[in-house]
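Coordinates in review
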Amino acid sequence: MLIYTKIADLRAFLKEKKSLNHTVGFVPTMGALHNGHISLIEASKKACNVTICSVFVNPTQFNDKTDLERYPRMPEKDARFLELANCDVLFLPSVDEIYPKKDETIFDFGFLDKTLDGKHRPGHFNGVAQVVKRLFEIVGPDKAFFGEKDYQQVMIIKALVKQMGSSIEIVSCPILREADGLAMSSRNTLLTSEEREIASRIPKLMLDAKKIVKEKSISAAKLFIEEETKKVSIMKLDYFEICDAETLEEISEINSQKKAIALIALFVGKIRLIDNLLIS
Ligand code: PAF
């Protein structure tokens, strides 16, 4: 696997590949890679001739400075993991390489970034859009691969690509889960063993909530999640909403014509985790 830290070197490599009409698949990440990321690499390898993975902890998407400082960084381990997955290129730029000057771009995603994580982490999706736009301009991929755990992020990135007038295809890939059901996340490595045990209750809570929606109502499911999370002192619910899966508008009842999705964000100790589950 090739490792580039400079844009110019990556561009020279890509120029040669594109001159041979090779298709480029791109997996942007913030590192601390797990099997969820590797499933994106595998999807890219299946669909494209060349696979590039970037590892860059993007400061502009953290609205909380301690969250940025705490974010796990393990580039050597990531490189070994990617090598084993037969990834072709790891792009590992510095902050100055990506942002030679402050990025002041303000995006308008309308309602999409004013709800859920957009509401609870102000500025987060603007930062995501800044870095993804920059990375897309550097890599110029045919396809880019993202995990559905970050459901709202995938929608934002699809909207970004539209705004850029770009033909990059955004491929969303299913959530990968640990044996106990917890959605794989780089943040899981930050949990203590007690927190990890508590976190493993999240997928069960989501499945129970889904059952309650079907048997009773959306409001009963919301009450259930509020009450269950309150029972655990180190759990703090940020939000639990059931939304139209196409628009993210909150819904109050299930409509058989529309897909509904339950989305949750909560703190276990100091670590913020998210998950989602299709309801119908
Ligand atoms: O999902 C992530 O890891 C990040 O938000 C992304 C898309 C790599 C942008 O920094």
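All of the points below concern the structure found in this document.

**Some words on the sheet that holds strand E5 (residues 143–147)**
With respect to topology, six strands assemble into an open sheet ordered E1-E4-E3-E2-E5-E6, the strand pairing being parallel. Two strands lie at the open edges of the sheet, namely strand E1 (2–4) and strand E6 (169–173), each paired on one side alone. Sheet twist, expressed as the mean angle between neighbouring strand axes with direction ignored, is 25°. Packing of helix H7 (residues 124–139) onto the sheet brings it into contact with strand E2 (24–29), strand E3 (50–55), strand E4 (89–91), E5 and E6, and relative to E2 it is tilted by some 150°.

**Some words on the state of the cysteines**
A complete count under the given rule lists zero disulfides for this structure. Of all cysteine sulfurs, the one in Cys48 lies closest to Cys173, which takes part in no disulfide; the gap is 11 Å.

**Quick word on the site of the ligand**
Neighbouring residues of the ligand: Pro28, Thr29, Met30, Asn58, Gln61, Val131, Phe146 and Gln153. Gln61 places a side-chain nitrogen or oxygen 2.6 Å from an oxygen atom of the ligand. Within the contact set of the ligand, an oxygen atom lies 2.7 Å away from a side-chain nitrogen or oxygen of Gln153. When its residues are assigned to classes, the shell around the ligand shows four nonpolar, four polar and no charged.

**Here we look at the pattern of salt bridges**
The full count for this structure, using the stated rule, is 17 salt bridges. Two residues, Lys149 and Asp150, come together in a salt bridge whose shortest N-O distance is 4.0 Å. A single salt-bridge network, built from bridges that share partners, covers Asp67, Arg121 and Arg187.

**Points about the nonpolar core**
Core analysis: the largest hydrophobic core is formed by 45 residues, its most contacted members being Leu10, Ile52, Phe91, Phe136 and Ile170. What Phe136 contacts, discounting residues up to four positions off in sequence, is Phe26, Pro141, Ala144, Phe146, Ile157, Val161, Met164, Ile168 and Ile170. Formed by 27 residues, the second largest nonpolar core is a distinct cluster that contains Ile202, Val213, Phe240 and Val268.

Conventions used here
- Residues numbered from 1 in each chain as written.
- Predicted model: local features only at pLDDT ≥ 70, side-chain atom pairs only at ≥ 80, totals over all residues.
- Heavy atoms only, no water.
- Pairing = 2+ DSSP bridges.
- Helix = DSSP H or I, 4+ residues; strand = E, 2+ residues; numbered from the N terminus.
- Axes fitted to C-alpha atoms, helices over the stretch in contact; angles between N-to-C directions.
- Contact = heavy atoms within 4.5 Å.
- Disulfide = S-S within 2.5 Å.
- Near = heavy atom within 4 Å.
- Polar contact = N/O pair within 3.5 Å; in protein donor to acceptor, adjacent residues only side chain to side chain.
- Nonpolar A, V, L, I, M, F, W, Y, C, P; charged D, E, K, R; others polar.
- Salt bridge = Lys/Arg side-chain N within 4 Å of Asp/Glu carboxyl O.
- Core = buried A, V, L, I, M, F, W, Y, C linked by side-chain atoms within 4.5 Å.
- Buried < 20%, exposed > 50% of the residue type's maximum accessible area, 1.4 Å probe, protein only.

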